[in-house]
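Each chain, letter by letter, is given below.
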There are 2 protein chains.
Amino acid sequence: MAYELYYWPAIQGRGEFVRLALEDAGADYIDVARMGAGAAGEAALPFPLPQHGAVARPPFALPALKDGPLVIGQTAAILMYLGDRLDLAPADQAGRMWTLQLQLTIADAVAEAHDTHHPLSAALYYEDQRPEAARRAEHFRKHRIPRFLEWFEAVLAANPDSDACLVGRNVTYADLSLFQLVEGLRYAFPRAAARSLAKCPHVVALHDAVAERPRIREYLRSERRIPFNEDGIFRHYPELDG
Amino acid sequence: MAYELYYWPAIQGRGEFVRLALEDAGADYIDVARMGAGAAGEAALPFPLPQHGAVARPPFALPALKDGPLVIGQTAAILMYLGDRLDLAPADQAGRMWTLQLQLTIADAVAEAHDTHHPLSAALYYEDQRPEAARRAEHFRKHRIPRFLEWFEAVLAANPDSDACLVGRNVTYADLSLFQLVEGLRYAFPRAAARSLAKCPHVVALHDAVAERPRIREYLRSERRIPFNEDGIFRHYPELDG
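All of these numbers come straight from a predicted model, not from anything done at the bench.

This paragraph deals with the pairing of strand β1 (residues 3–6) of chain A. Residue and element names in this part refer to chain A. Sheet topology note: the β1/strand β2 (residues 29–31) ladder contains three bridges and is parallel. If you follow Tyr3 over to β2, its bridge partner there is Tyr29. The β-α-β motif built from β1, the intervening helix α1 (residues 15–24) and the parallel element β2 has right-handed crossover chirality. Taken together, the three bridges between β1 and strand β3 (residues 64–67) define a ladder with antiparallel strand orientation. Within β3, the position partnered with Glu4 by the bridge is Lys66.

Turning to the packing of helix α5 (residues 130–158) of chain A against helix α7 (residues 190–197) of chain A, a few remarks are in order. All names here are of chain A. In contact at an axis separation of 9 Å, α5 and α7 are set at 45 degrees when each is read in the N-to-C sense. In terms of their interaxial angle, α5 and α7 are classed as oblique. Considering only the axes of α5 and α7, their crossing is right-handed. Of the residues in α7, those in contact with Arg141, Ile145, Pro146 and Leu149 of α5 are Ala192, Ser196 and Leu197. The residue makeup of the contact of α5 with α7, split by class, is five nonpolar, one polar and one charged.

Every contact between the two is made by 51 residues of chain A and, on the other side, 51 residues of chain B. In total, about 4,200 Å² of surface goes out of reach between chain A and chain B, with carbon and sulfur atoms giving 61% of it. The three residues of chain A that bury the most area against chain B are Arg57, Phe60 and Leu120 of chain A, which together make up 19% of that side's buried surface. Scanning the region where chain A abuts chain B turns up four salt bridges. Close ionic contact of Asp115 of chain B with Arg136 of chain A constitutes a salt bridge, the shortest N to O distance being 3.4 Å. Our enumeration of links across chain A and chain B arrives at 22 residue pairs in polar contact (both at pLDDT 80 or more). Among the residues forming the side of chain A that touches chain B, the class breakdown is 30 nonpolar, ten polar and eleven charged.

Here the focus is the side chain of Asp31 of chain B. All names here are of chain B. With respect to the element layout, Asp31 can be found in strand β2 (residues 29–31). Classification of Asp31 as buried rests on a relative accessible area of 8%. Ignoring any residue separated from it by four or fewer positions in sequence, one finds Asp31 in contact with Leu5 and Arg19.

Our focus in this paragraph is the sheet that holds strand β4 (residues 70–73) of chain A. All names here are of chain A. Ordered in space as β2-β1-β3-β4, the four strands form an open sheet in which the pairing is mixed. Both outer strands of the open sheet, β2 and β4, are each paired with one neighbouring strand and no more. Averaged over all adjacent pairs, the angle separating strand axes in this sheet is 20 degrees, with direction ignored. Sheet topology places β3 next to β4; four bridges connect them, and they run antiparallel. Across the sheet, residue Ala64 finds its bridge partner in β4, namely Gly73.

This part is about the pattern of salt bridges. Taken as a whole and judged by the stated rule, the model has 33 salt bridges over all chains. With its nearest N and O atoms 3.0 Å apart, the salt bridge here joins Arg19 of chain A to Glu16 of chain A. Here Glu16 of chain A and Arg19 of chain A lie together in helix α1, a separation of three residues that amounts to about one turn. Ionic pairing is found between Arg224 of chain B and Glu218 of chain B, a salt bridge with its closest N-O pair at 3.0 Å. A residue is classified by how much of its surface remains accessible, and Arg224 of chain B, at 33% relative accessible area, is partly exposed. Owing to a relative accessible area of 45%, Glu218 of chain B belongs among the partly exposed residues under this scheme. Here the salt bridges share partners, and the residues they tie into one network are Glu16, Arg19, Asp31, Arg34, Glu183 and Arg225 of chain B.

Take helix α8 (residues 201–211) of chain A next. One full turn of an α-helix is made of 3.6 residues, so residues set three or four places apart face in the same direction. Residues and elements named next belong to chain A. Turning to α8, its buried residues number three or more, namely Val203, Val204, Leu206, His207, Val210 and Ala211. Angular distribution of buried residues about the axis of α8 spans 160 degrees; they occupy a single face of the element. At its buried positions, α8 is contacted by α5, α6 (173–188), α7 and α9 (214–220).

All names here are of chain A. Considered domain by domain, chain A is made up of domain 1 (3–85) and domain 2 (93–241). For domain 1 versus domain 2, the separation of C-alpha centres amounts to 21 Å. Both sides together, the interface formed by domain 1 and domain 2 hides about 2,300 Å², and carbon and sulfur atoms give 61% of it. Its largest share of buried area at the contact with domain 2, domain 1 owes to Gln12, Phe17 and Asp24, together 28% of the area lost on that side. Remark: the boundary between domain 1 and domain 2 carries four salt bridges. Measuring nitrogen to oxygen at the nearest pair gives 2.7 Å for the salt bridge that ties Arg225 to Glu16. In this assembly, domain 1 and domain 2 are joined by eleven residue pairs in polar contact (both at pLDDT 80 or more). Sorting the residues of the side of domain 1 that touches domain 2 by element identifies α1 and α3 (75–85) as the ones contributing at least two each. Its residues assigned to classes, the side of domain 1 that touches domain 2 shows ten nonpolar, four polar and seven charged.

Each value, and the rule that gives it
- Residues numbered from 1 in each chain as written.
- Chains lettered and ligands numbered in written order.
- Predicted model: local features only at pLDDT ≥ 70, side-chain atom pairs only at ≥ 80, totals over all residues.
- Heavy atoms only, no water.
- Pairing = 2+ DSSP bridges.
- Helix = DSSP H or I, 4+ residues; strand = E, 2+ residues; numbered from the N terminus.
- Right-handed = clockwise from strand over helix to strand, strands pointing away.
- Axes fitted to C-alpha atoms, helices over the stretch in contact; angles between N-to-C directions.
- Parallel < 35°, antiparallel > 145°, perpendicular 65-115°, else oblique.
- Left-handed = near helix turned anticlockwise from the far one by under 90°.
- Contact = heavy atoms within 4.5 Å.
- Nonpolar A, V, L, I, M, F, W, Y, C, P; charged D, E, K, R; others polar.
- Buried area = accessible area lost by both parts, 1.4 Å probe.
- Salt bridge = Lys/Arg side-chain N within 4 Å of Asp/Glu carboxyl O.
- Polar contact = N/O pair within 3.5 Å; in protein donor to acceptor, adjacent residues only side chain to side chain.
- Buried < 20%, exposed > 50% of the residue type's maximum accessible area, 1.4 Å probe, protein only.
- Arc of directions from axis to C-beta.
- Domains from an automatic or database assignment.

Here's what the structure looks like:
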């Protein structure tokens, strides 16, 4: 049975980390909200609260993955689940936990990237919090982008099995997600990302190697890859790039 | 061999979720930074980057748990690891993933609670971002506290095995963490938390039941429980409680 991905149809967002794992593995999946014609797709999305009876263990938010009767929310949990099934995680317990740790750190970076354009409230428009966004983005550019990327650089350099991937000698979902983090930072903060990445050759090499994996390469050139835009998590507002 | 917890010695913070699991299980553990006299304890804390050679897989941030040669960072990953070992997680795979999902949602709530007093930058003092904090806190009180707590309420009501715990019929690390989330919200936002909790009787009952578990009860009354304070994640600034 095909995996079903539930996520907003017009943005990469957090769903993209799941899409990349499914695409890289060549998994059979349905991007549920994108199957409908145009905006109608969103109608397929509601995951109501449990009192509505549709799902016994309803995710708090999207993305969610449905695998038969099992529904899983939280991007890192979805990826841990898929990693075991799609051969995108190491088999040993310590390696599995380390891969989860890496993913959770990527998730932290993604959440902070989001908050650069929405520092006060996700319920307000960016235009209603621009001065605050400028201050938060400055902190993110100066302190957080370097700290995150240099940590991943150090992790790659210290991997005793390979400096081309984060864990062991095979690609994991954390590598695919690091690729996506680099993509997003380069889109949203091209100048700041370039400055930090100049010090992170292993991270850049990993990004480039992931982009050349045959299924990922095909995916990135397909219509299934939604372009970055200013509705997603990584938004390019030039004034936030310093 | 005793577990070693690495976390800041003067705050509950994210380390408290780990402390509660260790305490509830009666596990043998060392709270490393608190073993030294006074502030000297912090000297025991550095987890250097891997190029420093001390740890092959260094956490990005604290808390970190050391179990023999294994070092794990990221609160949810630590708890998933401990959950299996301390009998604080279900044994089945679907239940383990659901418990992780619940924990990650608690982690999201905790991160948002932190950002109410630091909406712009963790590198600035609260006093340097008070107007912004007021706006972010208003959003958190009005929209996010109810959404999080009502989701947990619905999860408890929908658990087919018990409405006294989140997963199955036994206490998991997610229950202990929900207790702590309620504690923190009540400390930081007593008025807003009371308003939301009035609609969440199952959450309140779970909180109260956890507080009465013998080892937790003893822990909460001991000096090992650090009082809430305005250096931690949950800070009581009355102006942020509306």
